[in-house]
Amino acid sequence: MTSGSCIGISTMKPCCRILCNYKSPSIFGFSPTKLSDSAIMGMLSRSCRHNSTHRHRYNTCNTQNVGYINGIHPNRRDFSVSGSNWGLARNFSTSFCVNIGSFRPRVVSLIPHVASDFRNHSTSVDSNANDTSFEKIFIQSSLNVKPLIIERIETDQSKLEEVAEERCDESNVNIDNLKDLSENKVQREVSEIEKEAWKLLQDAVVTYCGNPVGTVAANDPADKQPLNYDQVFIRDFVPSALAFLLNGEGEIVKNFLLHTLQLQSWEKTVDCYSPGQGLMPASFKVRTVPLDGSNEAFEEVLDPDFGESAIGRVAPVDSGLWWIILLRVYGKLTGDYALQERVDVQTGIRLILKLCLTDGFDMFPSLLVTDGSCMIDRRMGIHGHPLEIQALFYSALRCSREMLIVNDATKSLVAAVSNRLSALCFHMREYYWVDMKKINEIYRYKTEEYSTDAVNKFNIYPEQIPSWLVDWISEEGGYFIGNLQPAHMDFRFFSLGNLWAIVSSLGTTRQNQGILNLIEAKWDDIVAQMPLKICYPALEGEEWRITTGCDPKNTPWSYHNGGSWPTLLWQFTLACIKMGRPDLAQKAVDSAEKRLSADRWPEYYDTRNGRFIGKQSRLMQTWTIAGFVTSKMLLENPEKASLLFWEEDFELLQNCVCKLSKSGRRKCSRFAARSQFIV
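Chains are numbered independently. Their residues run from 1 in the order of the written sequence. Totals for whole chains, interfaces and linings use every residue, but because this is a predicted model, local features are given only for residues with pLDDT of at least 70 and side-chain atom pairs only at 80 or more, for both listing and counting. Only hydrogens and water are removed before side-chain values are computed, so all heavy atoms of the structure are retained for them.

Named according to an unreviewed UniProt entry, the protein is Alkaline/neutral invertase originating from Glycine soja. UniProt positions are given in the numbering used here, feature names are shortened, and annotations may be inferred rather than shown by experiment. Within the UniProt record for the protein, the comment given under Sequence similarities (unreviewed entry) is "Belongs to the glycosyl hydrolase 100 family." Listed in UniProt under the heading Catalytic activity (unreviewed entry), the comment for the protein reads: "Hydrolysis of terminal non-reducing beta-D-fructofuranoside residues in beta-D-fructofuranosides."

A. Seen up close, the overall build of the protein. Labels follow the DSSP assignment, with helices taken as runs of H or I lasting at least four residues and strands as runs of E lasting at least two, numbered in each case from the N terminus. Assigned secondary structure in the protein consists of 24 helices and 19 strands. The buried share of the protein, reckoned over its 679 residues, is 60%. Whether two residues are in contact is decided by their heavy atoms, any of which lying within 4.5 Å being enough. The contacts of the protein with a sequence gap of at least 6 include a subset with a gap of at least 24, amounting to 72%. The buried label goes to any residue with under 20% of its type's maximum accessible area, the exposed label to any with over 50%, and the partly exposed label to all in between, with areas taken from a 1.4 Å probe on protein chains only.

B. Up close: the packing of aromatic side chains. Stacked, edge-to-face and tilted are the three classes for Phe, Tyr and Trp ring pairs, Trp counted by its six-membered ring, which pair at centre distances within 6.5 Å; planes under 30 degrees apart are stacked, over 60 edge-to-face, the rest tilted. Taken as a whole and judged by the stated rule, the model has 21 aromatic pairs. Seen in terms of ring centroids, Phe364 and Phe458 are 5.2 Å apart; in terms of plane orientation they differ by 75 degrees. Their pairing is edge-to-face. Of the two residues, Phe364 is situated in the loop between helix H10 (343-357) and helix H11 (387-403) and Phe458 in the loop between helix H13 (436-443) and helix H14 (467-472); the sequence distance between them amounts to 94 residues. The structure contains a cluster of three or more aromatic residues connected by ring pairs, namely Trp468, Trp472, Tyr479, Phe493, Tyr536 and Trp557. The lysine or arginine in question, Arg618, covers the ring of Tyr229, its NZ or CZ lying 4.6 Å from the ring centre. A ring is considered to have a charge above it if a Lys NZ or an Arg CZ atom is located within 6 Å of its centre and within 35 degrees of its normal.

C. Region of the structure containing the environment of Ile349. Looking at the secondary structure, you find Ile349 in helix H10. Residue class for Ile349 comes out buried when judged on its relative accessible area of 0%. Along the primary structure Ile349 and Met403 are separated by 54 residues, whereas in three dimensions their C-alpha atoms are 8.8 Å apart. Once you skip the residues sitting within four places of it in the chain, Ile349 turns out to touch Trp323, Ile324, Leu327, Ser400, Met403 and Leu404.

D. Local environment of the pattern of salt bridges. One side-chain nitrogen of Lys or Arg within 4 Å of one carboxyl oxygen of Asp or Glu is enough to make a salt bridge. If you walk through the whole model with that rule in mind, you get 22 salt bridges. The partner of Arg235 in a salt bridge is Asp318, with the nearest N and O atoms 2.7 Å apart. Linking Arg235 in helix H7 (residues 234-246) with Asp318 in helix H9 (residues 318-334), this pair joins segments that are 83 residues apart in sequence. The network of salt bridges with common partners includes Glu194, Glu593 and Lys632.

E. Spotlight on the nonpolar core. Ranked by size, the top nonpolar core spans 156 residues in total, and within it Val253, Trp323, Ile349, Tyr479, Phe491, Ile519 and Phe572 carry the most contacts. For Ile519, the contacting residues outside a window of four places in its chain are Phe493, Leu499, Ile526, Val527 and Phe572. We call a set of buried Ala, Val, Leu, Ile, Met, Phe, Trp, Tyr and Cys residues a nonpolar core when their side-chain atoms join them within 4.5 Å.

F. Just the side chain of Asp371, in detail. If you trace the backbone, Asp371 turns up in the loop between H10 and H11. No salt bridge is formed by the buried Asp371, whose closest oppositely charged neighbour, Arg379, lies at an N-O distance of 5.3 Å. Within the structure, the side chain of Asp371 is placed 3.4 Å from the backbone nitrogen of Met380, a separation counted as a polar contact. The residues contacting Asp371, other than those within four sequence positions of it, are Val314, Arg378, Arg379, Met380, Gly381, Ile382 and His383. In this charge count, Lys and Arg are treated as positive and Asp and Glu as negative; neither His nor the chain ends contribute. Pairing of N or O atoms within 3.5 Å defines a polar contact, subject to two protein rules: one partner must be a possible hydrogen donor and the other a possible acceptor, and residues neighboring in sequence count only if both atoms are side-chain atoms.

G. Geometry of the environment of Arg608. You can see Arg608 is positioned in the loop between strand E18 (605-606) and strand E19 (612-613). Judged by relative accessible area, which is 39%, Arg608 ranks as partly exposed. Placed 44 residues apart in sequence, Arg608 and Ser564 show a C-alpha to C-alpha distance of 8.6 Å. Leave out the neighbours within four places in its chain, and Arg608 touches Ala528, Lys533, Tyr536 and Trp557.

H. Region of interest: the sheet that holds strand E17 (residues 535-536). The four strands are arranged E14-E15-E16-E17 in an open sheet whose pairing can be described as antiparallel. Of all strands in the sheet, those bounded by a partner on one side alone are strand E14 (433-435) and E17. Between the N-to-C directions of two axes lies an angle of 0 to 180 degrees, each axis being a line fitted to C-alpha atoms and, for a helix, fitted only over the stretch in contact. Each of strand E15 (478-485) and strand E16 (488-494) is contacted by helix H15 (residues 495-504), which is oriented at about 80 degrees to E16, the strand it contacts most. Whether two strands pair depends on DSSP finding at least two bridges between them.

I. Geometry of helix H16 (residues 509-521). The span one expects for a helix is its residue count, reduced by one, times 1.5 Å. Between its first and last C-alpha, H16 extends 18 Å over 13 residues, near the 18 Å set by a 1.5 Å rise per residue. Those residues of H16 not exposed but buried are Gln511, Asn512, Gly514, Ile515, Leu516, Leu518 and Ile519.

J. Up close: H11. For H11, which comprises 17 residues, the first-to-last C-alpha distance of 24 Å matches the rise-based estimate of 24 Å (1.5 Å per residue) to within 8%. H11 sits mainly inside the fold: 15 of its 17 residues count as buried.

K. Fine view of the packing of helix H8 (residues 251-262) against H9. Two elements in contact, H8 and H9, have axes whose closest approach is 11 Å; the angle formed by their N-to-C orientations is 145 degrees. For the pair H8 and H9, the sense of crossing is left-handed. Contacts between H8 and H9 involve Val253, Lys254, Phe256, Leu257, Thr260 and Leu261 on the former and, on the latter, Trp323, Leu326, Leu327 and Tyr330. When residues are sorted by character, Ala, Val, Leu, Ile, Met, Phe, Trp, Tyr, Cys and Pro go into the nonpolar class, Asp, Glu, Lys and Arg into the charged class, and all the rest, Gly among them, into the polar class. Residues of the contact of H8 with H9, tallied by class, amount to eight nonpolar, one polar and one charged. Should the near helix be turned counterclockwise from the far one by less than a right angle, the crossing is left-handed, whereas a clockwise turn marks it as right-handed.

L. Up close: the side chain of Lys533. With respect to the helices and strands, Lys533 occurs in the loop between helix H17 (523-526) and E17. Of the polar contacts made by the side chain of Lys533, one reaches the backbone oxygen of Thr607; its length is 3.3 Å. In this structure, Lys533 is in contact with Ser495, Asp525, Ile526, Trp557, Gly562, Gly563, Ser564, Leu568, Thr607, Arg608, Asn609 and Gly610, ignoring residues within four places of it in sequence.

M. Up close: the pairing of E16. Among the seven residues that make up E16, six are buried, leaving the element largely enclosed by the rest of the structure. Relative to E16, E15 runs antiparallel, the two sharing four bridges. When the bridges of E16 are listed, Leu484 appears paired with Met489. Between the end of E15 and the start of E16, which pair antiparallel, lie two residues, with Ala487 showing a positive phi angle near 60 degrees. As paired strands, E16 and E17 are joined by two bridges and run antiparallel to one another. The residue bridging Phe494 from the neighbouring strand is Cys535, located in E17.

N. Spotlight on unusual backbone geometry. A cis geometry characterises the amide bond from Pro531 onward to Leu532, with omega recorded as -10 degrees. The residue Leu532 is located in the loop between H17 and E17 in this model. That bond from Tyr536 to Pro537 is cis: its omega, -5 degrees, falls within 30 degrees of zero. One non-glycine residue, Arg313, lies in the positive phi region at around 55 degrees. Mapped onto the secondary structure, Arg313 falls in the loop between strand E13 (298-305) and H9. Of note, Trp601 is a non-glycine position whose phi angle comes to about 55 degrees, a positive value. Following the sequence through the fold, Trp601 ends up in the loop between helix H20 (582-593) and E18.

Take a look at the structure:
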């Protein structure tokens, strides 16, 4: 098919759907640099089909069309061009032509040391505005854009083709269509379990307009009531995305990032109330619906869920954080930094940050959220400032600081991100960390302290220390508690938050080592026969009834209440590799490998030791499959794992004056308002 160009300007309300059908690149009959916005919109209005059905609901694509244009945000302007004679696709659009987008540029998908250089040759408007070595790009009141041609890429095209051909000749794990990103290829024999896992992972792939856009949550053919497990969840797709990226398959991840960006909050949900701008959906589903007035023509639509269909009707706080983290991972593993520098992607990052950094009544740098707004998506007493959200929030802020293009429009936001990072880092390390020494301090706390010099800042009563903790805490280790609020400390051990604290360097080196030491010392409690407990210990008796509302699914040692979740394996592996303890990860992977395939890849396991398949656990759970595959690949490619975690940032520690002295604390508390940056 002849490659063409697609041009669109988003100046309409996001509730409208516009389908544009063309078969020739010359359909518009003009040079895009000579028409104004109004002229282009006039032509589009005459040549495109306007459909107002399902208002405020769907992102659409006609499966019979070559491409589509749809508006998402009235303030976003789009420009998208791709051509076979270019070494790099130039995209500046919130929406893109799916079929045209299926053209795979050679350059951005090459091995990392070749592709990573494009970070310095971005096609972004912002990043190269003052770069005289390239043609400047302007998007003003009229569409006057010239393609950015990188001469080095054009002149070295033959060499790049040779590199691409060499890369195509490489093979990985004796499975069809699987490639490896590793430059130093090591052939190995793949177990039958891994082959089965890869086949199941590929069977779970969801396509939209002929292109892969994600994986369903679970893909059990015997399941007659899939509920929302047949949807693509942002948090669930992350381990799948890592598996594909480590295997050299970046297209599905790029499509996922761009399509979920298009679904960023724009529709009213519960009781006619609009969610905050920048909210990312929890999940989306690809639906096929008939075109109006036709019984034979159909179109595919993306139907997002922002929580209006979820249990408890809670919006997902972690979706936007995972999206930012995955965007950074995509750039690190593919070298395609041009994606994160696109105008629409930069806008998406800023919208998520603005939503998270908005000032409110809360006095803490940690993020205030409701129960059920993360991986634990039911009532489990994690409302307030749960550890999982704080660790992901910290990671997303660090990712954003790396990826945001700094200019006059974003410098205040970047400063706000840096300030929040410093405050959050100090807050978590100082008040969430417990070990034997800290528990002794809490045991001797004085209460009702009133001053900026108070030691017991949150008025924690020593009687809150649970009896199980006194005998359970290890002398060699410690961990970050699950939650902290006024007069309340949740001393439960939550695996995801602690593992991600290691990965993101939210904890100090000593604290990170302490977490792994604790897991090793309490292996039978946290890992047992199936890694890993989502939290420890389980709520039982009257505490279970009050905290969960007598939730029949979260009974003791089941589901979110002390159940074992194999998907946490990849995060445990990443944390162990970072801290130089791959032996612990290998031990956990070996334990899981003995049972996962035989048990048909369950979502979770029940009982204190993880011996039984969860009583309501879905089988063929995709993130269980992907977590196992990703763990195996990370252990075999530790150099790739090193691209996914963060080392300590000492600049962050220097920025927060709160930790310096008592006088510093007074100064910070008295004058913080004057130094705040408005987002």
